[in-house]
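Architecture at a glance
These are the residues of each chain, in order.
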Amino acid sequence: MPGVFITLEGPDGSGKSSLLRRLSAHLAAAGCDVVATREPGSTPLGEQVRRLVLDTEPKIDRTGLADALLFAASRAQHVADVIRPALERGAVVVCDRYADSSMAYQGAGSGLPMDELAAVQRFATGGLVPDLTILLDLPVEVGLSRKSAEVTRFEAFQDRAYHERVRAAFLAFAAAEPGRYVTLDATQDEAAVLADAVATLERVADRVPCLRDAIGSRP
């Protein structure tokens, strides 16, 4: 497909939502056709699933498998309705979380078999893999302290060890796929993280002409 698919991954509180806004605005200013999106969400079904999987009330004791299948249902609709059509028209899609989050949270965090979970992701996405994944990494305690004002099920009902497993999984994914992943220090301020993220666009700059302009006008 002629577009570029960029995903933002990382532990809770790493600043993905902030980077999504700032990076998308920078790309738009450079003349890119940008689609800023998030998971779960971004479709009517996805927003319903988002409430189911993130809200703390009512408290529902679900298995990791149930969570994984809910996320996969949202992702399938998201790819079909938003991501794939945008890439087909040549847009730059920037997505806050994607399949790697399921692998980290429901796989490493909740202990689901990684091979089976990976098969679910391939089925849900039709095999669509990001061109570039920006991993925002920071210590678990720093991320959770940032999330104190916005608590979801994953902060409210999971212990520190769970979040440490999630972080370790993301770092392992980055080590295993250095061609797709770039790891950034998310303890920096927002301006520094944005500058680092823009620099990573060099990896995919040959795909869409506006990306070269975005790199040249670094924030």
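Up top is the structure these notes are about.
Owing to the predicted nature of the structure, the values given are computational and were not obtained by experimental measurement.

**Things to note about the pairing of strand β3 (residues 92–96)**
- Taking burial as the measure, the 5 residues of β3 include 5 buried ones, the bulk of the element.
- Side chains V92, V94 and D96 project from β3 onto one buried face, and the interleaved V93 and C95 project onto a second face that is buried too.
- In terms of strand pairing, strand β1 (residues 4–9) meets β3 through 5 bridges, oriented parallel. Bridge pairing in β3 links L8 to D96.

**Let's talk about the packing of helix α4 (residues 99–109) against helix α5 (residues 114–125)**
- One way to put it is that α4 packs onto α5 with a least axis distance of 10 Å and a crossing angle of 150°. Accordingly, the angle class assigned to the pair α4 and α5 is roughly antiparallel. In terms of crossing hand, the pair formed by α4 and α5 is right-handed. Mapping the contact onto sequence places A99, S102, M103, Q106, G107 and A108 in α4 and M114, L117, A118 and Q121 in α5.
- Among the residues making up the contact of α4 with α5, the classes are represented as 6 nonpolar, 4 polar and no charged.

**Some thoughts on the packing of helix α1 (residues 16–29) against helix α9 (residues 190–200)**
- Packing of α1 against α9 brings their axes to within 10 Å, and their N-to-C directions diverge by 55°. By the angle between their directions, the pair α1 and α9 is classed as oblique. For the pair α1 and α9, the crossing hand works out as right-handed. Residues S18, L19, R22, L23 and H26 of α1 form the contact with α9, whose own contacting residues are E190, A191, V193, L194, A197 and V198.

**Some words on the packing of aromatic side chains**
- Throughout the structure, instances matching the rule amount to 4 aromatic pairs.
- Ring centres of F5 and Y98 lie 4.9 Å apart, and the angle between their planes is 85°; this geometry places the pair in the edge-to-face category. In this pair, F5 is assigned in strand β1 and Y98 in the loop between β3 and α4, connecting sequence segments 93 residues apart. There is no split in this pair, since F5 and Y98 are both buried.
- Relative to F173, the ring of F170 lies with its centre 6.3 Å away and its plane at 85°, an arrangement referred to as edge-to-face. Note that F170 and F173 are positioned in helix α8 (residues 160–176) at a spacing of 3 residues, about one turn of the helix. The pair formed by F170 and F173 is uniform in burial state, with each residue classed as buried.
- Looking at R75, its charged tip hangs above the ring of Y98, at a distance of 5.8 Å from the centre.

**Some details on the pairing of strand β4 (residues 132–137)**
- With 6 of its 6 residues buried, β4 lies for the most part within the structure.
- Where β1 and β4 come together, 4 bridges link them in parallel fashion. Within β4, the residue paired with T7 across the bridge is T133.
- In the sheet, β4 pairs with strand β5 (residues 181–185) via 5 bridges, with the strands oriented parallel. Bridged to D137 within β5 is D185.

**Topic: the pattern of salt bridges**
- Scanning the entire structure with this criterion turns up 13 salt bridges.
- Put simply, R97 and E9 hold a salt bridge, and the shortest N to O gap is 3.9 Å. Separated by 88 residues along the polypeptide, R97 in the loop between β3 and α4 and E9 in strand β1 bring together distant segments of the chain.
- The class of R97 is buried, set by a relative accessible area of 12%.
- By sharing partners, the salt bridges in this structure join D100, E177 and R180 into a single network.

**Focus on the sheet that holds strand β2 (residues 34–38)**
- On the basis of which strands lie adjacent, the open sheet formed by 5 strands has the order β2-β3-β1-β4-β5 and parallel pairing. Both outer strands of the open sheet, β2 and β5, are each paired with one neighbouring strand and no more. Each strand axis lies, on average, 20° off the axis of its neighbour in the sheet, ignoring direction.
- Summarising the sheet, β2 and β3 pair through 5 bridges and their orientation is parallel. Paired with R38 across the bridge in β3 is D96.
- Sitting on the sheet, α9 touches β4 and β5, and the angle it makes with β5 is about 160°.

Cut-off values and rules
- Numbering of residues starts from 1 in each chain and follows the order in which that chain's sequence is written.
- The model is predicted, so local features are restricted to residues of pLDDT at least 70 and side-chain atom pairs to those at 80 or more, both for listing and for counting; the totals for chains, interfaces and linings are taken over all residues.
- The basis for every side-chain value is the complete set of non-hydrogen atoms in the structure, without hydrogens or water.
- The rule is simple: take the accessible area with a 1.4 Å probe, protein chains only, and divide by the maximum for that residue type; under 20% is buried, over 50% is exposed, in between is partly exposed.
- Secondary structure follows DSSP: runs of H or I at least 4 residues long count as helices, runs of E at least 2 residues long count as strands, and numbering of each begins at the N terminus.
- At least two bridges found by DSSP between two strands is the condition for calling them paired.
- Here, axes are lines fitted to C-alpha atoms. For helices the fit covers the stretch in contact, and angles between N-to-C directions go from 0 to 180 degrees.
- Oblique is the label for every angle not falling under 35 degrees (roughly parallel), over 145 degrees (roughly antiparallel), or within 65 to 115 degrees (roughly perpendicular).
- Note on convention: the crossing is left-handed when the near helix lies turned anticlockwise from the far helix by less than a right angle, right-handed when the turn is clockwise.
- Contacts are residue-level and defined by heavy atoms, with any inter-residue pair within 4.5 Å sufficient.
- Residues are sorted three ways: Asp, Glu, Lys and Arg are charged, Ala, Val, Leu, Ile, Met, Phe, Trp, Tyr, Cys and Pro are nonpolar, and all the rest, Gly among them, are polar.
- We call Phe, Tyr and Trp rings a pair once their centres come within 6.5 Å, taking the six-membered ring for Trp, and we label the pair stacked below 30 degrees between planes, edge-to-face above 60, and tilted otherwise.
- Criterion for a charge above a ring: Arg CZ or Lys NZ at most 6 Å from the ring centre, at most 35 degrees from the ring normal.
- For this document, the term salt bridge refers to a Lys or Arg side-chain nitrogen within 4 Å of an Asp or Glu carboxyl oxygen.

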